[in-house]
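# Remarks on the overall topology
Residues per chain, in single letters:
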Amino acid sequence: MRKNPERRAALIDAAIEVLARDGARGLTFRAVDAQAAVPTGTASNYFANRDDLLTQAGGRIYERLQPDEATMALSLEGPRDKDRTVALLKELVARITAYSTGYLALLELRLEATRRPELRAVLTERIRADVDANVRYHLESGLPGDATAVKLLYLALNWLIVERLTLPEVFSAEEAEELVARAVERLVSG
């Protein structure tokens with residue numbers, strides 16, 4: 001397998017775009033090569049097989065969804081109350097929906113994971129770690145609400161994001177923001 005990290009990252013990013021646009025069935029080495037604008041056969045030099053490409057795409061999506069250091073620093077400014085929680089969750093929804101191809105590709109990967117045990121194991125580990133990290137961050141930061149509230153918000157906001165990306169006319173951007181505020185109001189104590 002080739003080692004050029006920049007080329008590998010570009011191919012993985014191209015795979016994410018293909019997944020979002022064409023679904024898991026459309027993800028072929030040839031489609032990734034075309035999306036990345038590289039010679040045919042390039043992707044097959046970087047990934048052992050399609051499962052390897054799917055797994056690496058899943059990891060890359062999570063890398064790109066992580067907030068930057070400035071966002072993390074801002075998250076702890078000001079009082080640690082429901083209003084701060086609402087602001088943080090609105091930022092989260094905005095950040096994720098701004099990377100729509102990544103989230104849509106992740107949905108494709110989740111569906112594909114129902115048929116691929118190795119991919120399921122990777123996604124389960126990654127998503128469980130993400131949920132645990134969010135709960136830990138929330139509790140350690142002094143924001144109001146317990147672990148159950150964080151998990152319920154995680155579940156509610158994930159589906160809200162799915163609606164905004166797949167059927168944006170169901171809830172307007174303004175209505176989505178209002179729903180975030182109401183979810184926090186109902187689920188978070190303190």
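Report follows, based on the coordinates.

Definitions and limits used
Residues numbered from 1 in each chain as written. Predicted model: local features only at pLDDT ≥ 70, side-chain atom pairs only at ≥ 80, totals over all residues. Heavy atoms only, no water. Phe/Tyr/Trp six-rings, centres within 6.5 Å; stacked < 30°, edge-to-face > 60°. Lys NZ or Arg CZ within 6 Å of the ring centre and 35° of its normal. 1 Å grid on protein atoms, 1.4 Å probe; cavity = no way out; pocket = protein on both sides within 12 Å on 5 of 7 lines; lining within 4 Å. Points joined across faces, edges and corners; volume = space filled by probe spheres on them. Helix = DSSP H or I, 4+ residues; strand = E, 2+ residues; numbered from the N terminus. Nonpolar A, V, L, I, M, F, W, Y, C, P; charged D, E, K, R; others polar. Axes fitted to C-alpha atoms, helices over the stretch in contact; angles between N-to-C directions. Parallel < 35°, antiparallel > 145°, perpendicular 65-115°, else oblique. Left-handed = near helix turned anticlockwise from the far one by under 90°. Contact = heavy atoms within 4.5 Å. Expected span 1.5 Å × (residues − 1). Buried < 20%, exposed > 50% of the residue type's maximum accessible area, 1.4 Å probe, protein only. Patch = residues over 30% accessible without salt bridge, like charges linked within 9 Å, V, L, I, M, F, W, Y side chains within 5 Å. Areas by Shrake-Rupley, 256 points an atom, 1.4 Å probe, with all protein chains shown as cover. Salt bridge = Lys/Arg side-chain N within 4 Å of Asp/Glu carboxyl O.

## Regarding the packing of aromatic side chains
- Enumeration over the complete set of coordinates arrives at 0 aromatic pairs.
- Its guanidinium or amino end placed over the ring of Phe47, Arg8 lies 5.1 Å from that ring's centre, counting from NZ or CZ.

## Regarding the layout of surface pockets
- Reported here for the largest pocket is a volume of approximately 840 Å³.
- Elements with a minimum of two residues in the lining of the largest pocket: helix H4 (50-65), helix H5 (69-75), helix H6 (82-98), helix H7 (100-113), helix H8 (117-141) and helix H9 (147-166).
- When residues of the lining of the largest pocket are assigned to their parent elements, the largest contribution, 7 residues, is made by H6.
- Taken together, the residues that form the lining of the largest pocket break down as 20 nonpolar, 7 polar and 4 charged.

## Some remarks on the packing of H4 against H8
- Two elements in contact, H4 and H8, have axes separated by 9 Å at closest approach and are oriented at 15°. With respect to H8, the element H4 is oriented roughly parallel. Remark: the crossing between H4 and H8 carries right-handed chirality. Contacts from Leu54, Thr55 and Tyr62 in H4 reach Glu118, Leu119, Val122, Arg126, Ile127 and Asp130 in H8.
- For the contact of H4 with H8, a count of residues per class yields 5 nonpolar, 1 polar and 3 charged.

## A closer look at H8
- Taking 1.5 Å per residue as the helical rise, H8 with its 25 residues ought to reach 36 Å, and the 35 Å between its terminal C-alpha atoms agrees with that figure.
- Along H8, the residues that are buried comprise Leu119, Leu123, Ile127, Asp130, Val131, Val135, His138 and Ser141.
- Residues of H8 that are buried sit in contact with H4, H6, H7 and H9.
- Following H8 by one or two positions, Gly142 has its phi on the positive side, about 85°.

## Observations concerning a nonpolar patch on the surface
- A cluster of nonpolar side chains, namely Leu152, Leu155 and Leu187, defines an oily patch on the protein surface of about 250 Å² accessible area.
- Looking at the element boundaries, Leu155 is found in helix H9.

## What to know about the packing of helix H1 (residues 5-22) against H4
- Put simply, H1 and H4 touch, their axes get as near as 9 Å, and they point 90° apart. Between H1 and H4, the crossing angle belongs to the class labelled roughly perpendicular. For the pair H1 and H4, the contacting residues are Arg8, Ile12, Asp13, Ala15, Ile16 and Leu19 in the first and Leu53, Leu54, Gln56, Ala57, Arg60, Ile61 and Arg64 in the second.
- Among the residues making up the contact of H1 with H4, the classes are represented as 8 nonpolar, 1 polar and 4 charged.

## Some points on the environment of Lys3
- Tracing the backbone shows Lys3 in the segment before H1.
- Separated by 183 residues in the primary sequence, Lys3 and Arg186 have C-alpha atoms spaced 50 Å apart.

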